[in-house]
Amino acid sequence: MRLERVAAHVPAGARLADIGSDHAYLPVALMARGAIAAAVAGEVALTPFTAAQRTVHESGFAQRISVRRADGLGAIMAHDDISAISLCGMGGETIRDILEAGKAHLSGRERLILQPNGGEPPLRQWLMDNGYRIVGEEVLRENRFDYEIIVAERGAPVAYSAQQLYFGPLQLQARSPAFLLKWQRLLRQKQRVLSHLARARQALPEAKVRDIARQARWIAEVLA
Ligand SMILES: C[S@@+](CC[C@H](N)C(=O)[O-])C[C@H]1O[C@@H](n2cnc3c(N)ncnc32)[C@H](O)[C@@H]1O
């Protein structure tokens, strides 16, 4: 379901670079549906790279999906004429670092379809700082995990508030059932941590405790 929802944000006929592709399931599924024109599956690690090569070979799409062993956006070549980049199933900071390190490979015309596992605020911060506007957002739950999808495109500069960076500017507006459930769960978790800290009088840096308390306050305000 997670990759299905990611797939839904890939524009029809896109030339997709799926970075950290692992088995290359996303590009192969999209190609099998005739939803994309071409793809690059990039992988840094040998075992998933070999798995991607196998999936693509067995799918019969080897002419249209290039599997490349490379670090991050280094898998993208100028002649690929990429129009969409997906980075899924990694921490938000890792995705941010891959984007930052690979800026030279971005033309600015690509749609970014990002599915971070946590660490969303620093990723949104990078998008804002680098001229991207968030054009789509989703929260979904699968196998007892909450996942987020962030879709971004280059556009006029935007200034997101600290709360918008924390919750997601569009999710904050839409307040979907999955979004509310995610933050209800996180509020309970943060309240448990705070009451444990208060009881145990553990020596956690004061700034850290204040930060958790601030997050709990923001969440409570959003859910109120
Ligand atoms: C958990 S898997 C996610 C696979 C797939 N994208 C998904 O969402 O199901 C993360 C993959 O990213 C790859 N990866 C991590 N850092 C990378 C980088 N800098 N460049 C390319 N691939 C990377 C890992 O080798 C791993 O196969």
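It should be noted that the structure appears before, not after, this text.
Here the structure is a predicted model, which is why all the values come from computation and not from measurement.

S.K.: Which residues make up the layout of surface pockets, and what values do they have?
M.R.: In this structure, the largest pocket encloses a volume near 510 Å³. In terms of lining, the largest pocket is formed by 23 residues, of which the most central are Gly118, Asp146, Lys182, Leu186 and Gln189. Those elements that place two or more of their residues in the lining of the largest pocket are helix H5 (120–129), strand S7 (145–154) and helix H8 (177–200). Sort the elements by how many residues they give to the lining of the largest pocket and H8 lands first, with seven residues. Tallied by class, residues from the lining of the largest pocket come to seven nonpolar, five polar and eleven charged. If you count residues domain by domain, the lining of the largest pocket takes at least three from each of domain 1 (2–158) and domain 2 (181–223). There is about 230 Å³ of room inside the second largest pocket.

S.K.: Break down the packing of aromatic side chains for me, citing the residues and quoting the values.
M.R.: Summed over all chains, the structure comprises eight aromatic pairs. Summarising the aromatic geometry, the rings of Phe167 and Phe179 are spaced 6.3 Å apart at their centres and angled 65 degrees between planes, so their arrangement reads as edge-to-face. Highlighted residues: Phe167 in helix H6 (residues 162–167) and Phe179 in helix H8, separated in sequence by twelve residues. Under the relative-accessibility criterion, Phe167 is labelled buried at 0%. Aromatic ring contacts, followed pair by pair, group Tyr166, Phe167, Phe179, Trp183 and Trp218 into a single cluster. The ring of Tyr147 has Arg2 sitting right over it, with the charged end atom 5.6 Å from the ring centre. Between Arg214 and the ring centre of Trp218, over which it is positioned, the NZ or CZ distance is 4.5 Å.

About the criteria used
Residues numbered from 1 in each chain as written. Predicted model: local features only at pLDDT ≥ 70, side-chain atom pairs only at ≥ 80, totals over all residues. Heavy atoms only, no water. 1 Å grid on protein atoms, 1.4 Å probe; cavity = no way out; pocket = protein on both sides within 12 Å on 5 of 7 lines; lining within 4 Å. Points joined across faces, edges and corners; volume = space filled by probe spheres on them. Helix = DSSP H or I, 4+ residues; strand = E, 2+ residues; numbered from the N terminus. Nonpolar A, V, L, I, M, F, W, Y, C, P; charged D, E, K, R; others polar. Domains from an automatic or database assignment. Phe/Tyr/Trp six-rings, centres within 6.5 Å; stacked < 30°, edge-to-face > 60°. Buried < 20%, exposed > 50% of the residue type's maximum accessible area, 1.4 Å probe, protein only. Lys NZ or Arg CZ within 6 Å of the ring centre and 35° of its normal.

What is shown is where atoms sit, not what they do.
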